[in-house]
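So you can see what is in the structure, the chains are spelled out below.
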Amino acid sequence: MILPLKKSIFLFLFACFQFLLVFFFSTGYEIMIISLFLLFLLLYSWVFKLDISLDSRIKFLWFGLLMLLLASAIFTHSIPLSLDSLIFYFSSFCVYVFFESLKQKKIFSPSEFIYTYLLVGFALSLFFIGYFSYPNLSTFLPPINVLTAVYGHSHFAAILIFLIPLAWWYVFVDDNLVFRFKKPLLILFYILLILSFGRLAFLISLVQLPFLYNLVESKQFKKSSFYLVNISLGFVLLLIIFSSFVSKESCYVATYKNQLCKQITNEARPEYFKQSLLSIKENPIFGFGPGTFQLITRKYTKDPQYSSIYAHNFILQLTSESGLLSGLFFSFIIIFIIKKGYEIYSQKDDKFLINKFVYIGFISLLINSFFDYDWNLFPIFLMSLIFAAFFLHPEAKKSEIKTDLFLKFTWLLFSLVIIILGVVNLLTRMMIKDNAIDLAFKTFPYFFSQSKVFLSNRRALSDSNRAHLYKIYQNHEEFILRNIEESEDLLIKELLYDQIRINSPDVVFNEEYLKTLKELEHYEKLGEVSSQGLTVLNNLDNELTPQQQTTKLVILKYLHIVALSLLQRGDIQHSIIYYRRILPTLFIINPNDNYHIIYNNYFSSSSNWNDYLKEYLSLLYETDQQSLRELLTEIMKMNQESIKNGYSEGIFLGEYLANLAISIGNNDLKNQDIESATNMYKMAFEFDEWSFNRLSPDVFTLLNNDEQIQQFWLNLEGIPIDHFGIHIDRALEAYHSPNSNL
């Protein structure tokens, strides 16, 4: 076969694999596509008679990283997740080695690769436009993909910030006249970048501009065009900045409010970074295991909404998953690429001009990887490594090019292992399709993409395979929850829930867990678990939703049950502690109109909470009046705060609370404790102004002498005399007594 034909077939198949990787990554078919791609590279290493070689320094770094990842995988919290991650890194290494070796062979010119990727980018752009215009067409794509908006913006933006520098070279430097309409391609990429709603990517594209302009200035680039591009993109930047301070409710474009109006104050990335750092602190050597960030985030999140599969910082994620040394070795690989690329970028020779554009694209993706998870997406990470290997490494002298036998052997070994895993994946998929679930599991149970099949068909597995399944997924919340559902033993349920709490603290919201603890009468643990859930929900009140309030209502009810049960058992101290956690939710109202509307539906006087509160306070009156006295004081202060915030329609049992205060005051008076008694009467007045109508006339027979009478009324000073009702004559008599100083 003549070389040009070999090259053409290679570039065509190479472009096809880039397409397949974009469409099938994050699906169950990804490993098969990767396996086919590595098989394709193996075949062409023979066709092109490549000398498999690598710079000794980066070879050391790559092998160091891979061995550390393997060591971390031994201690992993999830074999399936770590297997996926190992395939990601080992296949990346194999691809890097191939293209570094291909570069030294000089079979392809740099421009041929640029043309291929621009064609791939243009074709993907057409799909992006189609999905953007007709969102229903993208329903077959996985939830995490490159071509549609995922949790805000489309990650096609990452591909675009790499392709844009290549398009600049193609439009303003390349002399190839086969395609005459070049500028529309560059304009298209910029338009699609705006439509991707990737704010960071767009900002990076603006930073690229002066560097790109500097490279093409000598190529008769029109300054007027440069200014036009800057003004247009600058205007878009101003819109992005403005929208970053606009809430979704006030968004000026309702259709794309999730993409356009994302307030900076609601940014979740700092939480993901914090989770990564906490994980590194706890497991600095081997981490949780490669690919396990989705378990890390569940363990360290204080808020269920701040959990993610990715840390949104590639190096932080790698370090938290696989340890400090792994993060360090990967960082050195990147530093090596940056350093070698800069040596090329700083060359004044136009021979390396095309490499300089690639360098700008690579640095753009690197910056993006510090704030987003695009490098965790295999097609984007692979694109970065391919161009780094082919463009950003100085050419070796012919005398230095020779096959590294050890490298060739390990490269072949790693490639073959991944190819075999792809074949096994295909076989187990065929077994699953034929409903041979147990046989598929017995053959190979470690593909995470097949885990849902095994989890949802546990009854199809043998007893030994079910036990093995539990061992594999013992740190996965979904698996444990399904085991809990099938278990009838309450103690086993409690044990499994306690296990989930280690890595998924938000299980404290699980009503079944709370119910299990109640049925087991483990009230102190139920109180602890409910308190944790209530604390998290109270921290979310700025993002108040009906769902959160429904959950809060459930947790508060269990806290009430805990406090009541502990009180009945005589554990007054812990009972009071748990009820004090309930009261702020019932009485202190956030001064926010939207909060009031939702609050009124769940905690108003028409809810059951007035009955619950009466039930608890009545029992506390019979059990410990001193504790009730302290609790009533807190309730009074909370009610005053509620009124201060302009809300008085919640749970406020004024008459009932006044009666409790009066009853305690009467008992104080019987004990000749006038000061405590009058304090309770004054509290009763705060709860219900006309409460003195209910004071028994017998109360005053307990005042033994004029001095006590004078002290009694002196302590009540400040309450208007007309509020004393049936006791007004006694009050007036005391006021006009010759011995009174009032």
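Residues numbered from 1 in each chain as written. Predicted model: local features only at pLDDT ≥ 70, side-chain atom pairs only at ≥ 80, totals over all residues. Heavy atoms only, no water.

1. A word on the overall build of the chain
So, step 1. Across its full length, the chain carries 33 helices and 2 strands.
So, step 2. Evaluated residue by residue, the chain yields a buried proportion of 54% over its 742 residues.
So, step 3. Restricting the contact set of the chain to residue pairs at least 6 apart, pairs at least 24 apart contribute 72%. (Helix = DSSP H or I, 4+ residues; strand = E, 2+ residues; numbered from the N terminus. Buried < 20%, exposed > 50% of the residue type's maximum accessible area, 1.4 Å probe, protein only. Contact = heavy atoms within 4.5 Å.)

2. Considering the packing of aromatic side chains
So, step 1. Applying the stated rule across the entire model yields 64 aromatic pairs.
So, step 2. Ring centres 5.0 Å apart and planes at 45° place the aromatic pair Phe314 and Phe330 in the tilted group. With Phe314 in helix H13 (residues 314–322) and Phe330 in helix H14 (residues 324–345), the pair connects residues that are 16 residues apart, well separated along the chain. Of the two residues, Phe314 and Phe330, neither departs from the other in class, the shared state being buried.
So, step 3. The cationic tip of Arg429 hangs over the ring face of Tyr29; the distance from NZ or CZ to the ring centre is 4.7 Å. (Phe/Tyr/Trp six-rings, centres within 6.5 Å; stacked < 30°, edge-to-face > 60°. Lys NZ or Arg CZ within 6 Å of the ring centre and 35° of its normal.)

3. Quick notes on unusual backbone geometry
So, step 1. Phi at Lys49 is positive, roughly 55°, even though this residue is not glycine.
So, step 2. For Lys49, the position within the fold is in the loop between helix H2 (30–47) and helix H3 (56–74).
So, step 3. In this structure, His312 is a non-glycine residue whose phi angle is positive, near 65°.
So, step 4. Its location among the elements puts His312 in the loop between helix H12 (293–300) and H13.
So, step 5. Overall, the relative accessible area of 9% leaves His312 in the buried class.

4. Here we look at a nonpolar patch on the surface
So, step 1. Together, Leu5, Ile9, Phe12 and Leu13 give the surface a local cluster of nonpolar side chains, amounting to about 340 Å² of exposed area.
So, step 2. Mapped onto the fold, Leu5 is located in helix H1 (residues 3–24). (Patch = residues over 30% accessible without salt bridge, like charges linked within 9 Å, V, L, I, M, F, W, Y side chains within 5 Å. Areas by Shrake-Rupley, 256 points an atom, 1.4 Å probe, with all protein chains shown as cover. Salt bridge = Lys/Arg side-chain N within 4 Å of Asp/Glu carboxyl O.)

5. Points about H13
So, step 1. Counting buried residues in H13 gives 8 out of 9 residues, a clear majority hidden from the surface.
So, step 2. Looking only at H13, the buried set comprises Phe314, Leu316, Gln317, Leu318, Thr319, Ser320, Glu321 and Ser322.

6. Details of the nonpolar core
So, step 1. In terms of nonpolar packing, the biggest core is built from 137 residues, with Phe10, Phe93, Phe99, Leu102, Trp168 and Trp375 touching the most fellow members.
So, step 2. Contacts of Trp375, omitting those with residues within four sequence positions, involve Phe88, Phe314, Phe330, Ile334, Phe362, Leu365, Leu366, Ser369, Ile380, Phe381 and Ser384.
So, step 3. Counting 82 residues, the second largest nonpolar core, distinct from the first, contains Leu481, Leu564, Leu566 and Ala677. (Core = buried A, V, L, I, M, F, W, Y, C linked by side-chain atoms within 4.5 Å.)

7. Quick notes on the packing of helix H11 (residues 269–282) against H12
Packed helix pairs are specified by the crossing angle of their axes together with the interaxial distance, meaning the distance between the axes.
So, step 1. One way to put it is that H11 packs onto H12 with a least axis distance of 9 Å and a crossing angle of 95°. With respect to each other, H11 and H12 are oriented roughly perpendicular. Residue-level inspection shows Tyr272, Gln275, Ser276, Leu278, Ser279 and Glu282 of H11 in contact with H12, the latter providing Phe293, Ile296, Thr297, Lys299 and Tyr300.
So, step 2. Its residues placed into classes, the contact of H11 with H12 shows 5 nonpolar, 4 polar and 2 charged. (Axes fitted to C-alpha atoms, helices over the stretch in contact; angles between N-to-C directions. Parallel < 35°, antiparallel > 145°, perpendicular 65-115°, else oblique. Nonpolar A, V, L, I, M, F, W, Y, C, P; charged D, E, K, R; others polar.)

8. Some points on the pattern of salt bridges
So, step 1. Taken as a whole and assessed by the stated rule, the structure comprises 15 salt bridges.
So, step 2. Lys340 serves as the salt-bridge partner of Glu343, at 3.9 Å between the closest nitrogen and oxygen. Separated by 3 residues within a single helix, Glu343 and Lys340 lie in helix H14, roughly one turn from each other.
So, step 3. Overall, Lys340 belongs to the buried group, its relative accessible area being 10%.
So, step 4. A salt bridge links Arg629 to Asp668; its shortest N-O distance comes to 2.7 Å. Taken together, the residues Arg629 in helix H29 (residues 625–644) and Asp668 in helix H30 (residues 654–670) connect sequence positions 39 residues apart. Asp668 matches Arg629 in its accessibility class, with the two residues each being buried.
So, step 5. Three or more residues joined by partner-sharing salt bridges are found here, namely Lys339, Lys340 and Glu343.

9. Regarding the side chain of Asn666
So, step 1. Within the secondary structure layout, Asn666 lies in helix H30.
So, step 2. Side chain to side chain, Asn666 and Tyr681 meet in a polar contact 2.7 Å long. (Polar contact = N/O pair within 3.5 Å; in protein donor to acceptor, adjacent residues only side chain to side chain.)

10. Looking at the environment of Asp624
So, step 1. Its place among the elements puts Asp624 in the loop between helix H28 (609–623) and H29.
So, step 2. In this structure, the C-alpha to C-alpha distance between Asp624 and Ile572, residues 52 residues apart in sequence, is 7.9 Å.
So, step 3. At 3.1 Å, the side chain of Asp624 and the backbone nitrogen of Gln626 are in polar contact.
So, step 4. Within the local environment of Asp624, its side chain forms a polar contact with the side chain of Ser627, the two groups lying 2.9 Å apart.

11. So, the environment of Phe40
So, step 1. Structurally, the position occupied by Phe40 is in helix H2.
So, step 2. The spatial distance from the C-alpha of Phe40 to the C-alpha of Phe14 is 8.5 Å, given a sequence separation of 26 residues.
So, step 3. Residues within four places of Phe40 in sequence aside, it is in contact with Phe10, Leu13, Phe14 and Phe17.

12. Brief notes about the confidence of the model for the chain
So, step 1. On average, residues of the chain score 82 in pLDDT, and 80% of them reach the 70 mark or higher.
So, step 2. Taking the mean pLDDT of every element in the chain, the minimum, 56, falls on helix H10 (residues 257–260) and the maximum, 95, on H13. (pLDDT = per-residue confidence, 0-100.)

13. Some thoughts on the side chain of His560
So, step 1. When you line up the elements, His560 lands in helix H25 (residues 546–568).
So, step 2. At a separation of 3.1 Å, a polar atom in the side chain of His560 contacts the side chain of Glu615.
So, step 3. Dropping the residues within four chain positions of it, His560 is found in contact with Tyr579, Ile582, Trp609, Tyr612, Glu615 and Tyr616.

14. A word on the packing of helix H6 (residues 156–172) against helix H7 (residues 183–195)
So, step 1. Packing of H6 against H7 leaves a shortest axis separation of 9 Å and a crossing angle of 160°. By the angle between their axes, H6 is roughly antiparallel relative to H7. Crossing hand, H6 versus H7: left-handed. Residue-level contacts link Phe156, Ala157, Leu160, Ile161, Leu163, Ile164, Ala167, Trp168, Tyr170, Val171 and Phe172 of H6 to Lys183, Leu185, Leu186, Phe189, Tyr190, Leu192 and Leu193 of H7.
So, step 2. In terms of residue class, the contact of H6 with H7 is made up of 17 nonpolar, no polar and 1 charged. (Left-handed = near helix turned anticlockwise from the far one by under 90°.)

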